[in-house]
Amino acid sequence: IIQTMLTENIHLLVSHTNILIRKICTSNNISLSQYFTINNIDSDGTSMSELSFRLGLDNSTMTRNINILLKRSLVTKNPSTLDKREQLISLSKQGNALVSKLDDEFNTHFNHIVSDIDISIKEKFIDFIQQLNWKMSCHINEL
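Residues numbered from 1 in each chain as written. Predicted model: local features only at pLDDT ≥ 70, side-chain atom pairs only at ≥ 80, totals over all residues. Heavy atoms only, no water.

1. Structural notes on the overall build of the protein chain
Step number 1: The helix and strand inventory of the protein chain stands at six helices and three strands.
Step number 2: Sequence-ordered secondary structure for the protein chain, helices as α and strands as β, is α-α-β-α-α-β-β-α-α.
Step number 3: Counting only C-alpha atoms, the protein chain reaches 50 × 35 × 20 Å along its principal axes.
Step number 4: Burial analysis of the protein chain (143 residues in total) assigns 24% to the buried set.
Step number 5: Contacts spanning at least 24 positions in sequence make up 48% of the contacts within the protein chain whose residues lie at least 6 apart.
Step number 6: Approximately 10200 Å² of the protein chain is accessible, and the part contributed by carbon and sulfur atoms is 57%.
Step number 7: Of the charged side chains in the protein chain, 14 are positive and 15 negative; the average position of the first set lies 10 Å away from that of the second. (Helix = DSSP H or I, 4+ residues; strand = E, 2+ residues; numbered from the N terminus. Buried < 20%, exposed > 50% of the residue type's maximum accessible area, 1.4 Å probe, protein only. Contact = heavy atoms within 4.5 Å. Areas by Shrake-Rupley, 256 points an atom, 1.4 Å probe, with all protein chains shown as cover. Lys, Arg positive; Asp, Glu negative; His and termini not counted. Charge placed at Lys NZ, Arg CZ, Asp CG, Glu CD.)

2. A closer look at the sheet that holds strand β2 (residues 75–79)
Step number 1: Pairing within the open sheet is antiparallel, and its three strands lie in the order β1-β3-β2. Unpaired on one side and paired on the other, β1 (46–47) and β2 mark the two borders of the sheet.
Step number 2: In this sheet, strand β3 (residues 87–91) lies alongside β2 in antiparallel orientation, the contact comprising five bridges. Within β3, the position partnered with V75 by the bridge is L91. (Pairing = 2+ DSSP bridges.)

3. Quick notes on the nonpolar core
One recurring pattern in soluble globular proteins is that nonpolar side chains are buried together.
Step number 1: In terms of nonpolar packing, the biggest core is built from 22 residues, with I30, I38, I66, V75, I89 and L102 touching the most fellow members.
Step number 2: Secondary structure elements with two or more residues in this core: α1 (2–27), α2 (32–38), α3 (48–55), α4 (59–71), β3 and α5 (93–114).
Step number 3: The residues contacting V75, other than those within four sequence positions of it, are I38, I41, I66, L69, L70, I89, S90, L91 and S92. (Core = buried A, V, L, I, M, F, W, Y, C linked by side-chain atoms within 4.5 Å.)

4. What about α4?
Step number 1: The end-to-end C-alpha distance of α4 is 18 Å, a good match for the 18 Å that 13 residues give at a rise of 1.5 Å each.
Step number 2: Turning to α4, its buried residues number three or more, namely M62, N65, I66 and L69. For α4, the angular spread of buried residues about the axis comes to 100°, placing them on one side. The outward face of α4, more than 90 degrees from its buried face, is lined by the exposed residues R64 and K71.
Step number 3: Of the surrounding secondary structure, the elements contacted by the buried residues of α4 are α2, α3, β2 and β3.
Step number 4: Immediately downstream of α4, the backbone of S73 shows phi near 60°, a positive value. (Expected span 1.5 Å × (residues − 1). Arc of directions from axis to C-beta.)

If you want it as structure tokens, here you go:
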């Protein structure tokens, strides 16, 4: 019964989080896909293949998403210094500013939501989420 409750609550948490992120995206004129893409670009750039893997998208879908972000001047694309065939995607100044704004908006909403939850529960939740993320990463890498 614990497993069922855990699964149901994780699904509900993901749904609620997506609703919150969609509202933030709408107010900032970006799509959910664009949001997740720019939030998965490392500060020193991320390859197209790594972005595709992180987001669970095929390369053609990732290319379409990146092209939209390029047109909006939110990202740049440059050849990798290690492998000239590979393109590194980086956030532009405008992209970095947008990510900061989106993060601030999400944090404001989230902090409001959790403000009256006891700190010990928050700490236990952080520990649980970290362990869950590690286990999920390991499982995904095995697929």
